[in-house]
Amino acid sequence: MYPVHLAAAAAAGAPAPGPGFLSPTGVEIAFLLVGLATLGAAVITVTTKQLVHAALWLVVALGGIAVEYLLLTAEFIAWVQVLIYLGSVVVLLLFGLMLTKAPIGRSPDADSGNRWVALGVAGTAGAALVWVVADAFRTTWIDLDGPAQGSTKVSGEILFQHWVLPFEALSVLLLAALIGAIVLSRRTTPAEDAADAADAAACAAGQEGQR
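In this text, all values refer to a predicted model and were calculated from it rather than measured experimentally.

(A) How the structure looks around the overall build of the chain. Secondary structure assignment for the chain yields 8 helices and 0 strands. Ordered by position in the sequence, the α and β elements of the chain form the string α-α-α-α-α-α-α-α. Across the 211 residues of the chain, 13% fall into the buried class. Partitioning the contacts of the chain with sequence separation of at least 6, the portion at a separation of at least 24 is 73%. On the chain, roughly 15,700 Å² of surface is accessible, and the fraction owed to carbon and sulfur atoms is 72%.

The structure is reproduced here in structure tokens:
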């Protein structure tokens, strides 16, 4: 049943007030839980010392973001998140790890010693992002029963009118990362050069002995 003030507002013909923070809906609760799980996966991604595990936890984090888009009724953006980030970016990262001969197990060398500096920068950037988003959408409510805002037409107009330069810059960045992985994979250490020279000398000695 309606509360007294909502019934009075309806009887007077006044519009009913919007939802409040003290009365969350099931979608809002699911959004919060998925957000916490995504945050946990992101923290594990940047703290684990196993590179392959970091890439797999990144899959969980990006998948959580896709679920958040679904809860915001932006189905097209959610599937773009799955196809591009989960299906392309993560595969590119794993491909780069394989090309650079990254170790499968724990990698103590992955910690550069700047953990606290990185944590401070990440915390500051996160706080600034939360403040900007909260200030921009403080009085904005998403009507889950209204028309979808993440449709192909709306997203395409926004992407190719206002965000086309960052979109192309991201493509160049991914291409540069792949080229860098190929260059690093072709480099050899002095020990590998010595081993290759020893193998070549042994092979040549064996051929001379057969003659």
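(B) Layout of the packing of helix H2 (residues 26–47) against helix H3 (residues 51–71). Close contact between H2 and H3 brings their axes to 8 Å; oriented N to C, the two are set at 160°. Between H2 and H3, the interaxial angle falls into the category roughly antiparallel. Crossing angle aside, the handedness with which H2 passes H3 is left-handed. Between H2, through Val 27, Ala 30, Phe 31, Val 34, Gly 35, Thr 38, Ala 41, Ala 42, Ile 44 and Thr 45, and H3, the contact on the second element is made entirely by Ala 54, Trp 57, Leu 58, Val 60, Ala 61, Gly 64, Ile 65, Val 67, Glu 68 and Leu 71. By residue class, the composition of the contact of H2 with H3 is 15 nonpolar, 4 polar and 1 charged.

(C) View of H3. Taking 1.5 Å as the rise per residue, H3 with 21 residues should run 30 Å; its terminal C-alpha atoms sit 31 Å apart, in good agreement. Those residues of H3 that fall on the buried side of the exposure criterion are Ala 54, Ala 55, Ala 61, Leu 62, Gly 63, Gly 64, Ala 66 and Glu 68. Taken together, the buried residues of H3 touch H2 and helix H4 (75–99). After H3 finishes, the residue Thr 73 shows a positive phi value of roughly 60°.

(D) Quick look at a nonpolar patch on the surface. Together, Leu 83, Ile 84, Tyr 85, Leu 170 and Leu 173 line one region of the surface with nonpolar side chains, adding up to about 460 Å² of accessible area. Of all elements in the fold, only H4 and helix H7 (164–186) reach the threshold of two or more residues within the nonpolar patch. With 3 residues, the single largest contributor to the nonpolar patch is H4. For Leu 170, the location among the structural elements is in helix H7. Judged by its relative accessible area of 35%, Leu 170 falls in the partly exposed class.

(E) Local environment of the environment of Val 60. With respect to the element layout, Val 60 can be found in helix H3. For the pair formed by Val 60 and Ala 37, sequence separation is 23 residues and the distance between their alpha carbons is 8.7 Å.

(F) A look at the confidence of the model for the chain. Model confidence for the chain is summarised by a mean pLDDT of 74, while 66% of its residues fall at 70 or above. No element of the chain has a lower mean pLDDT than helix H1 (residues 4–12), which averages 47, and none a higher one than H2, which averages 90. Note on residues 1–10: pLDDT is under 50 here. Beyond four places in sequence and across chains, it has 4 contacts.

What counts and how
- Residue positions within a chain follow its written sequence, with the count starting from 1.
- Local features in a predicted model are, by the rule used here, given only for residues with pLDDT of at least 70; side-chain atom pairs are given and counted only at 80 or more, and totals for whole chains, interfaces and linings are based on all residues.
- Note that the side-chain values use all heavy atoms of the structure and ignore hydrogens as well as water.
- The secondary structure listing takes helices from DSSP runs of H or I that are at least 4 residues long and strands from runs of E that are at least 2 residues long, numbered from the N terminus.
- Relative accessibility thresholds used throughout: buried, under 20% of the residue-type maximum; exposed, over 50%; partly exposed, between the two (1.4 Å probe, protein chains only).
- Two residues form a contact once any of their heavy atoms are found within 4.5 Å.
- Working definition of accessibility: Shrake-Rupley area with a 1.4 Å probe, residue cover restricted to the visible protein chains.
- Geometry is summarised by axes, namely lines fitted to C-alpha atoms with helices restricted to the contacting stretch, and by angles between N-to-C directions that run from 0 to 180 degrees.
- Any angle between 65 and 115 degrees counts as roughly perpendicular, while under 35 counts as roughly parallel, over 145 as roughly antiparallel, and the rest as oblique.
- Crossings are classed by handedness, with left-handed meaning an anticlockwise turn of the near helix from the far one by less than a right angle and right-handed meaning a clockwise turn.
- Classification used: nonpolar for Ala, Val, Leu, Ile, Met, Phe, Trp, Tyr, Cys and Pro, charged for Asp, Glu, Lys and Arg, polar for all others including Gly.
- What a helix should span is 1.5 Å times the count of its residues minus one.
- Exposure above 30% relative accessible area and the lack of any salt bridge qualify a residue for a patch; like charges then connect within 9 Å, and the nonpolar side chains Val, Leu, Ile, Met, Phe, Trp and Tyr within 5 Å.
- When a carboxyl oxygen of Asp or Glu lies within 4 Å of a side-chain nitrogen of Lys or Arg, that pair is called a salt bridge.
- Residue-level confidence of the predictor, termed pLDDT, takes values from 0 up to 100.

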